[in-house]
Amino acid sequence: MTEQHADVIVIGSGIGGLTVASLLAQLAHKRVLVLERHFKLGGFTHSFSRPGNRSWDVGLHYVGEVENGSMARDIFDLITQQQVQWQKMDSPFEKFVYPDMTLEVPDEEEAYQAALMEMFPHEVDAIRTFFADVRTARKWLQVYTLIQLMPKRVGPLLRVVYRGREKLALSLTGTYLKRRCRDPRLRAILASQWGNYGLPPSKSAFLIHAAIVGHYLNGGYYPVGGASTIANSIASVIERYGGRCLVNHTVTDILLKDGKAIGVKALAGSGTRAEEVVYYAPVIVSAAGAYTTLCKLLPPCVAGLLAKEVERLSQDRFSAVTVYLALKDSPKTVGLTAANHWLFSSMDHDDMYRRAEQILDGRPAYCFLSFPSLRNPQATSHTAEIIAPLPYHVVAQWRERPWKRRGEDYEALKRRVAETLLSFVEAYVPGFKSLVDAWEVSTPLTIETFTGHRFGAMYGLPATPERYCLSGLRVQTPVPNVYLTGADVISPGIVGAMMGGVTTAAHLMGINGFYRIMTAATHLK
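Residues numbered from 1 in each chain as written. Predicted model: local features only at pLDDT ≥ 70, side-chain atom pairs only at ≥ 80, totals over all residues. Heavy atoms only, no water.

Give a description of the packing of helix H2 (residues 71–80) against helix H18 (residues 494–509) that names residues and reports values.
Close contact between H2 and H18 brings their axes to 11 Å; oriented N to C, the two are set at 65 degrees. On the basis of their axis angle, the class for H2 and H18 is roughly perpendicular. Two packed elements cross with a definite hand, and for H2 against H18 that hand is left-handed. Between H2, through Met 71, Ala 72, Ile 75, Phe 76 and Ile 79, and H18, the contact on the second element is made entirely by Ile 494, Val 495, Met 498, Met 499 and Val 502. Looking at the contact of H2 with H18 residue by residue, the class counts come to ten nonpolar, no polar and no charged. (Axes fitted to C-alpha atoms, helices over the stretch in contact; angles between N-to-C directions. Helix = DSSP H or I, 4+ residues; strand = E, 2+ residues; numbered from the N terminus. Parallel < 35°, antiparallel > 145°, perpendicular 65-115°, else oblique. Left-handed = near helix turned anticlockwise from the far one by under 90°. Contact = heavy atoms within 4.5 Å. Nonpolar A, V, L, I, M, F, W, Y, C, P; charged D, E, K, R; others polar.)

Residues and numbers for the pairing of strand E3 (residues 32–35), please.
Because side chains alternate across E3, one face comprises the buried residues Val 32 and Val 34, and the other comprises Leu 33 and Leu 35, equally buried. Sheet topology note: the strand E2 (residues 8–11)/E3 ladder contains four bridges and is parallel. In the strand pairing of E3, Val 10 is matched with Val 34. Between E2 and its parallel partner E3, the chain crosses via helix H1 (residues 15–27), and the hand of that crossover is right-handed. In this sheet, strand E10 (residues 244–246) lies alongside E3 in parallel orientation, the contact comprising three bridges. In the sheet register, Leu 33 faces E10, and the bridge partner there is Arg 244. (Buried < 20%, exposed > 50% of the residue type's maximum accessible area, 1.4 Å probe, protein only. Pairing = 2+ DSSP bridges. Right-handed = clockwise from strand over helix to strand, strands pointing away.)

Go over the environment of Phe 93 with me, naming the residues and quoting the values.
Looking at the element boundaries, Phe 93 is found in the loop between strand E6 (86–88) and strand E7 (94–98). Between the C-alpha atom of Phe 93 and that of Thr 337, which follows or precedes it by 244 residues, the distance is 8.7 Å. Every residue in contact with Phe 93, bar those within four places of it in the chain, is listed here: Tyr 62, Val 105, Pro 106, Asp 107, Tyr 216, Gly 219, Gly 220, Ala 339 and Asn 340.

Which residues make up the packing of aromatic side chains, and what values do they have?
In this structure the tally under the stated criterion is 27 aromatic pairs. Considering the side-chain rings of Tyr 112 and Phe 131, the 5.5 Å spacing of their centres and the 85 degrees angle between planes classify their relative orientation as edge-to-face. Linking Tyr 112 in helix H3 (residues 109–119) with Phe 131 in helix H4 (residues 124–149), this pair joins segments that are 19 residues apart in sequence. As far as the burial class goes, Tyr 112 and Phe 131 line up, both buried. (Phe/Tyr/Trp six-rings, centres within 6.5 Å; stacked < 30°, edge-to-face > 60°.)

An account of the sheet that holds strand E16 (residues 340–344) is requested, with residue identities and associated values reported.
Here we have seven strands laid out as an open sheet, ordered E8-E7-E16-E17-E18-E15-E19, and mixed in their pairing. Edge positions in the sheet fall to strand E8 (101–105) and strand E19 (436–442), since each has one partner strand and no second. The mean inter-strand angle of the sheet, taken between neighbouring strand axes irrespective of direction, is 15 degrees. Alignment of strand E15 (residues 320–327) against E19, held across six bridges, turns out to be antiparallel. When the bridges of E19 are listed, Val 323 appears paired with Val 441. Packing against the sheet, helix H15 (residues 408–428) makes contact with E7, E15, E16, strand E17 (366–370), strand E18 (382–389) and E19, and its axis sits at approximately 125 degrees to E19.

How would you sum up H2? Please name residues and give values.
Burial within H2 is extensive, with nine of its ten residues counted as buried. Taken as a whole, H2 has its buried residues at Ala 72, Arg 73, Asp 74, Ile 75, Phe 76, Asp 77, Leu 78, Ile 79 and Thr 80. On its buried face, H2 sits against H1, E6, helix H10 (228–240), H18 and helix H19 (513–522). Gln 81 sits one or two residues past H2 and shows a positive phi near 55 degrees.

Provide a residue-level description of helix H17 (residues 444–451), including the pertinent values.
Among the eight residues that make up H17, six are buried, leaving the element largely enclosed by the rest of the structure. Along H17, the residues classified as buried are Pro 444, Leu 445, Thr 446, Ile 447, Glu 448 and Phe 450. In this fold, the buried residues of H17 make contact with E15, H15 and E19.

Describe the state of the cysteines, listing the residues and the values that go with them.
Enumeration over the complete set of coordinates arrives at zero disulfides. Cys 295 supplies the cysteine sulfur nearest to Cys 469, a cysteine that is in no disulfide, at a spacing of 19 Å. (Disulfide = S-S within 2.5 Å.)

Below is the structure:
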């Protein structure tokens, strides 16, 4: 059994884990070891390619708030050492398509409000109030982030001080919209982006919906060269500062001594040739998710009540099927643009969430259509992606079969789903199917295989009000020397997970950690 040492071990190379690793390497001069179970770095920021210069992103489709001078841009520039360029998407950058209405979303808040008011002149006051409430709820997210950096006893005091904002932030999105908007068509439009965090209005905290809406008020951006440029750039920074990023390393246990974490055990390699290795470090940071960390990597009962609460919350997870399309020609030939197209079968988002399984009967509830090749100036061939919700239990019977060898019945299911989604898009864009040259399909099993996320979850712990009331869900876990990072610290999404990484790094760097990080980021230029 191989044994090695590091200053910090990071489990998982999603954007949260890579952010922690880059910041600790650069600013705290730590020898960081990143262990990734996949054969590629990046988590949901990795890309894959096929012959013909075709490539697709598995998780990143667009990012908001990375204009020059923004906090997110400053952090991205710091952790990548300015190696990533960002391409702004043309306006409108989103289209919400319903059976009897379509809204094209501009990349400026006032123009967005004006478009809504033109469509719903009888709801002008509700629209103005909605955008004001979005700002208020987002401010409470900042408070929640601050709580992560404060001593545990301070958190409840801050929540009392900001209880007004918290009441709004932790109301259900659906409840809020019904109270605020009389027109069900307006409620549907305002809820359209829930697929970005995976919970319908009846389940999500208004906090997370407000975070997503606000995140894209100034449009969307895309990394030039694709999502993998982010992971590759950060990895090069980590290695430049003496760290290492190892793929095909599946962490199986966090090792404890006298109740404290001292290292991890992992399987290096794949299949029957995998070798057990042990790495030691005084700090273990897990970007594998709260459930995996507390309920699988640590011994039973060590994390106590928090593990039970996380186990219960993790039962309600969003997963999806993705059809990756290689196209013969540009989508523009059939009238499409680089904008994201959200195609809905009805105005009832909760009903569509419940009907996700009907995709197997040829009746998809909704889908998200995007075109990475149209927003990447370096693309030399055309690609598209169709994403739709798919419950995990639909594919659970093939769970024990290895990747790419799950059998013809599994492949038949994937073909049926792909053909259904192509027909769904064709009804909206006649001629689209004729553009398709080839396709591949990923399911919740694909996500589970490569990320280790229970039930193929795309977004970590569900962003319910209950999740944000768990006082024990913090950067510091109940186990000494074990820390969480990524989406389960602050919020789902690329920037949400990255800010989870910033929060964890700041916690580990001490009382002035956040100040040191932001100072380094703002002075980089």
